[in-house]
Amino acid sequence: MSELIIKMPPLGESVTEATVSQWMVKPGDHVKKYDPILEAISDKVVTEIPSNDDGVIEELLVNENDVVPIGTDILKMTTEGAVGSVPVAKVETRTTESQNSPSFKATGRFSPAVLKVAGERNIDLSSVSGTGKDGRITRKDVLNYQPKETPIISSQPAQLASEPVIRSTPVLELNNNDAVTKAGPVRKMIAQNMLKSIHEIPQAWTMIEVDVTGLVKLRNSLKNEFKEQNEFKLSYFPFFVKAVSSALRNNPKLNSSWQNDEIIQHKDINISIAVATDDALFVPVIKHADRLSITGIAAEVSRLANCVKTNTLKGSDNEGGTITVNNTGSFGSIESMGIINYPQAAILQVESIRKELSVLDDDTFGIRNKVNLCLTLDHRILDGLAAGKFLNEVKANLEAIDQNTNIY
Amino acid sequence: MSEKSYLEALNLAITEEMRRDEGVMIFGEDVGGVKGGVFGVTKGLAEEFGDQRVFNSPLGESEIAGLAVGLGVMGHHAIAEFQFADYILPAVNQIMSEATKMRYKSAGDWISPIVMRTPYGGGVRGGFYHSQSTEKIFAGQPGLRIVTPSTVYDAKGMLKSAIRSEDPVLFYEHKKLYRSIKDDIPDVDYTVPLDKANVIEHGDDVTVIAYGMMLQFVLNAAEELKDDFSIEVVDLRSLYPIDKDTVLEAIRKTGKVLLVTEDAKEGSVMNNVSAIIAEEALFDLDAPIKILAGPDSPSMPYAKSLEDAFLVNQADVTKSIRELAEF
C-alpha cells in the first residue's frame, strides 16, 4: 500500500547501538513479514532482524559494518499492493507504529509478575512476543519463553564500543596461494573484546607450581566408576574450578571488576570458562560455583560445553561471569599468558599436569604430579601480594585433595 | 454415599450432632414443631429430639442471639437460627459485644461455643428483606468466625465443625443453593475445617475466588471455557478471617485473579481479599485484581427484571474470566 521504513529495533536493555553485520536482502527482493532482512550485532548477541511486513525492498539505508543507534532508519520497502509513492511525511507516521516488535505495541508497560519472572530468568523482554490483549506480554509468555538459537559471543557487559571493528592494515603482500576469508561476526567480536581488554587493562602476569599428586590419584581412582554413574566424564578441570571458587571467598578482590573508575567487588562467584570451537571462543559461565560440589561443577562444565557444540547456549549462560578459569592444559600447554576477559580482574590458566622427579620434604626423591597455574591480573585492582595470597590459597586447596576428598 | 441436596446435608449435620451431643439445642423463628423452619432445614428435628431441644423463639433476633450466648456460657453447643440474614441486624449487639468477646473479656473463664445460622443471598425474588448478603457487617471482627459452605459436601462437614467449635461461628447458608444443588456425600460422620479455603479446580491461566451462588457460576464457566483456558477455582469458605495462605498460593500460580461476590462491591468480603493480595502478592500479579460484584445500590430489588439486573449472572462471570485470561 505504501512505503515503509524499518528501523533498528531494540536489541536488549542498555543496548543503545548495533553493528550492521550483513544484509540478507538487496533492493528488489520480495520479502514476507518476519523474513530475516539483516544480521545485526550488539555485543551480546548476533540477531536476525525480521521484516515488519510483506513487500519489496527498495533501498538499504545503512551499510554493512556501520554502527547505528537503535531506532535508526535502516531500510525502505514498498509494502504489498502499493500504488505509486506516498508522501514521506505520511510514511513516517505510518511506520512509527510498526517500528517495534509487537510486544511493545500494547502499553510499553509490563506487569510486576512479568518483570519479576524476566528478572529471575534473565530474559530480555524485547525478544519476547506477547499473546495477551493487544500484544501485551503476559506472565505465561515469559514463563514459556525459549530464547532463539543465536550464536553468543561473550559474557561482556552490555556496552558496545562505538568505534567500528578495527581492521589492521595488511603488512604482508598477498600471494596467489593465500586464502582470504572475511572475518565473521563472531570472530570480529572476539577481536574487539581482546583489543578492548589489552588497551584498557594494564595486565600483569604470575605463575605458581602446584603438586597435584593427590588430586590425580583421587581422580584416577574414581573416573571409571564415575563414568558409569554419570553421563559425563570426571576430568581434572572441575577440581581446579572448585579450588578457585573456594579461594575467592577469602580473596574477594580477585572477584571484582573495574568499571568507570570504580572497583566493583562482586558478591556472587560466577566462573567463566573458556570453551573453544574450531573457529571461535566462547566464555560461558558457571553460576555460583562456590555453592556447587565438584560433581556439580563437572555437570555444569559438561552442559555448557555441549551447548557450545550444539550452538544452543542461552543468553543467561553467558552473563554474570566474575573471573575466568581457562583449561589451557587440555591442549598441552605448560605455560601461557591469558588475556583478561574484560572487565573482570583476573584470568587463571590451568596448564598440563605432568610427572616430575621431585625432592620431597624428607630429602628423598619421588615422582610427583605437577601443574602450573598462570594468573593474569588487572594491575589497577590487584597487586602482586593480593594475587600471591590468592594463588597460594588455590594451591593449598589443590594440595589438600586426597583419597578422602568428597566430590559429591 | 447418598445423594443429598444442600438443605438435606445441613439437616443431616444437625441431626447427627444432636444425636452425638445431648447438649446441642436449636431454636429460632418457626424452627420447631412440624414446620421445621421456613425453608425446612430443621424439619423432623422436633419430632426426633423433642421441643425441649428444638423450639420456636419469639420474633426478636436480639433475644435469639442472647439466648444462644447464655446457653453457650452454660456449656451448650447451641444453634440459633436467624430466619433471614436480613433480619440479623437487631442481634448485632449480642453477637459483636457478647458472643464474640466472651472468651476474651473473661480471660477464658467463659466461652461462647455457639453457631448462628442464617440464609443469605438473592435470586429468589425475595426483595429487600429476604435477599441481602449481610456478611460484610461482621467481617473484620476478630473473635468471630464467618463461614459459608458452597457445596453439598461442605454444607454437612462445615456445619458439623461449626457446631463442635468452642467459639462462636456465624454460619451463612445460601438460600438459592438449598434445593438447587445436589451431590453424593458420605453417609459417615465427617467434618470440614472452617479455616481453610478450598481449591476446587486447578489451573494456571486465571485464579477465580468466589463463594455461595457465585461459585456455581464460576464452576460452570470453568467447564465451559476448559478447552481454551485452565482456571484455578477457589471456594473461599471462611469469609472472616480469610485463609491467606491458600488464597496467595492460588494467586501466585496464575498472576491473574477474579474475585466474585453478589454483595455490593464497596466494603465487601472480596475487597478484603483484594487488599490481602495487593499487600502480599503485588510482584506476582500479571493483571490488575478484578472484582465482579453487585452494584453499589441500597438493596436487592423485588421486580424480576430489576433483580436480574442487580445480580451478577452466569454470563457476567464467564465474560470476566475470559477477558482476564486474554489480558
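The coordinates are above.
Within each chain, residues carry numbers counting from 1 in the order of the written sequence. Each chain takes a letter, starting from A, and each ligand takes a number, starting from 1, following the order in which they are written. Only residues with pLDDT of at least 70 are given local features in this predicted model, and only at 80 or more are side-chain atom pairs given and counted; all residues enter the totals for whole chains, interfaces and linings. Only hydrogens and water are set aside when side-chain values are computed; all heavy atoms of the structure are taken into account.

## A short note on the packing of helix 1 (residues 6–20) of chain B against helix 7 (residues 152–164) of chain B
Residues and elements named next belong to chain B. To get an axis, a line is fitted to the C-alpha atoms, and for a helix only the part in contact is used. The angle between two axes follows their N-to-C directions and goes from 0 to 180 degrees. What counts as a helix is a DSSP run of H or I of at least four residues, what counts as a strand is a run of E of at least two, and both are numbered from the N terminus. The N-to-C vectors of helix 1 and helix 7 enclose an angle of 30°; their axes lie 8 Å apart at closest approach. Considered as vectors, helix 1 and helix 7 are oriented roughly parallel to each other. The element helix 1 and its partner helix 7 pack so that their crossing is right-handed. Between helix 1, through Tyr6, Ala9, Leu10, Leu12, Ala13, Ile14, Glu16, Glu17 and Arg20, and helix 7, the contact on the second element is made entirely by Val152, Ala155, Lys156, Leu159, Lys160, Ile163 and Arg164. Oblique is the label for any angle not covered by the other classes, which are roughly parallel (under 35 degrees), roughly antiparallel (over 145) and roughly perpendicular (65 to 115). What makes a crossing left-handed is the near helix being turned counterclockwise from the far one by less than a right angle; a clockwise turn instead makes it right-handed. By definition in these notes, contact holds between two residues if any of their heavy atoms fall within 4.5 Å.

## A look at helix 9 (residues 213–224) of chain B
All names here are of chain B. Each helix should span, by expectation, one fewer than its residue count multiplied by 1.5 Å. Taking 1.5 Å per residue, twelve residues should reach 16 Å; helix 9 reaches 17 Å between its end C-alpha atoms and fits that length. Partly exposed residues are those whose accessible area sits between 20% and 50% of the maximum for their type, while under 20% is buried and over 50% is exposed, using a 1.4 Å probe and protein chains only. Counted residue by residue, helix 9 has nine buried out of twelve residues, so it is predominantly covered. Among the residues making up helix 9, those that are buried are Met213, Met214, Leu215, Gln216, Phe217, Val218, Leu219, Ala221 and Ala222.

## Structural notes on the pattern of salt bridges
When their charged atoms lie close together, side chains carrying opposite charge are able to pair. By definition, a salt bridge exists where a carboxyl oxygen of Asp or Glu is found within 4 Å of a side-chain nitrogen of Lys or Arg. A full pass over the atoms with the stated rule returns 40 salt bridges over all chains. A salt bridge links Asp284(B) to Lys116(A), with the shortest nitrogen-to-oxygen separation between them at 2.5 Å. Of this pair, Asp284(B) sits in the loop between helix 11 (269–280) and strand 14 (290–294) while Lys116(A) sits in helix 2 (residues 112–121), each in a different chain. A salt bridge links Arg117(B) to Glu81(B), with the shortest nitrogen-to-oxygen separation between them at 2.8 Å. Here Glu81(B) lies in strand 4 (residues 78–81) and Arg117(B) lies in strand 5 (residues 115–120), a separation of 36 residues in the sequence. Among the residues examined, Arg117(B) registers a relative accessible area of 1% and is labelled buried. Put simply, Glu16(B), Glu17(B), Arg20(B), Lys156(B), Lys160(B), Arg164(B) and Asp189(B) are held in one network by salt bridges that share partners.

## Overview of the interface of chain A and chain B
Between chain A and chain B, the residue contacts involve twelve residues of the former and 14 residues of the latter. A 1.4 Å probe defines the accessible area here, and the buried area is the portion of it lost by two parts on being joined, summed over both. Of the roughly 940 Å² buried where chain A meets chain B, counting both sides, 43% is carbon and sulfur surface. Area buried by chain A at its contact with chain B is led by Arg136(A), Arg139(A) and Lys140(A), which between them contribute 49% of it. Where chain A meets chain B, there are four salt bridges. The residue Lys140(A) makes a salt bridge to Asp204(B) at a minimum N-O spacing of 2.9 Å. Polar contacts, as counted here, are pairs of nitrogen or oxygen atoms within 3.5 Å of one another; within protein the pair requires one atom able to donate a hydrogen and one able to accept it, and residues that are adjacent in sequence qualify only if both atoms are side-chain atoms. For the interface between chain A and chain B, the tally reads 13 residue pairs in polar contact (both at pLDDT 80 or more). The set of elements that each furnish at least two residues to the side of chain A that touches chain B consists of helix 2 and helix 3 (139–143) of chain A. Residue contributions to the side of chain A that touches chain B peak at four residues, all from helix 2 of chain A.

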